[in-house]
Amino acid sequence: MNSLKNELYKLIKKDLSIFEFIQDHMLDGIWYMDLDDDKNEWVSERFWQLFGYDIKNSENSELRWKNLVHPDDLNMMNENLEKHLLNPEYPFDQIIRFTHKDNSTVWVRCRGIAIRDASGMPYRILGLHQDITLLKQQEMIISEQNKQFEIALNKLKEVSEKDSLTNLNNRR
């Protein structure tokens, strides 16, 4: 192992503020869940902020993150999790839509890794979230522009191939 990497590991073990710094400034959310009891989980405050919630507020304390997952994405997420739990080589990595408190869609790249016991059985999962909403919004804009371009191109092709008065094919 690289000596600086090894040093960083030791620093994180010694000073948890380093982990807090990484969590607060690099990730859009982190969570850790008990696979035997999915109610036993820790979800970072930043994770909740991504969806417009202040988890310190008592009215949000019973909020469950799975309730925010878009219904069309929940099955895919669960299938990917099951595949990863059965096979550590199968990546738990997908893009999931969540519903923000204001009912807008938040697109999140969700990656996770099962924590396994000595026999290889998974008992916890650690997950990281990255907000990719802006990227997805730009992707949708580009897709719409491509559709409009295709329509204009087809119209131009039609105009160039047919005479507008006679509706007969042009010689060109």
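For the structure, see preceding data.
Residues numbered from 1 in each chain as written. Predicted model: local features only at pLDDT ≥ 70, side-chain atom pairs only at ≥ 80, totals over all residues. Heavy atoms only, no water.

Moving on to the overall build of the chain. Counting its secondary structure elements, the chain contains five helices and five strands. Counted from the first residue to the last, the chain has its helices and strands arranged as α-α-β-β-α-α-β-β-β-α. Expressed as lengths along the three principal axes of its C-alpha atoms, the size of the chain is roughly 80 × 45 × 30 Å. Out of the 172 residues belonging to the chain, those deemed buried represent 25%. If you sum the accessible surface of the chain, you get close to 12600 Å²; carbon and sulfur atoms cover 53% of it. (Helix = DSSP H or I, 4+ residues; strand = E, 2+ residues; numbered from the N terminus. Buried < 20%, exposed > 50% of the residue type's maximum accessible area, 1.4 Å probe, protein only. Areas by Shrake-Rupley, 256 points an atom, 1.4 Å probe, with all protein chains shown as cover.)

Overall, the coordinates contain six aromatic pairs when judged by the stated rule. Consider the rings of Trp48 and Tyr53, whose centres lie 6.4 Å apart with planes at 85°: the pair is edge-to-face. Side by side, Trp48 and Tyr53 carry an identical accessibility label, which is buried. Put simply, the rings of Phe47, Trp48, Phe51, Tyr53 and Phe98 touch in pairs and so form one group of aromatic residues. If you follow Lys136 out to its NZ or CZ, it ends over the ring of Trp107, 4.8 Å from the centre. (Phe/Tyr/Trp six-rings, centres within 6.5 Å; stacked < 30°, edge-to-face > 60°. Lys NZ or Arg CZ within 6 Å of the ring centre and 35° of its normal.)

Let us look at the nonpolar core. One finds Trp31, Phe47, Trp48, Phe51, Trp65, Phe92 and Phe98 to be the most contacted residues of the largest nonpolar core, which totals 22 residues. Residues contacting Phe92, with those up to four places away along its chain left out, are Trp31, Met77, Asn80, Leu81, His84, Cys110, Arg111, Gly112 and Ile125. (Core = buried A, V, L, I, M, F, W, Y, C linked by side-chain atoms within 4.5 Å. Contact = heavy atoms within 4.5 Å.)

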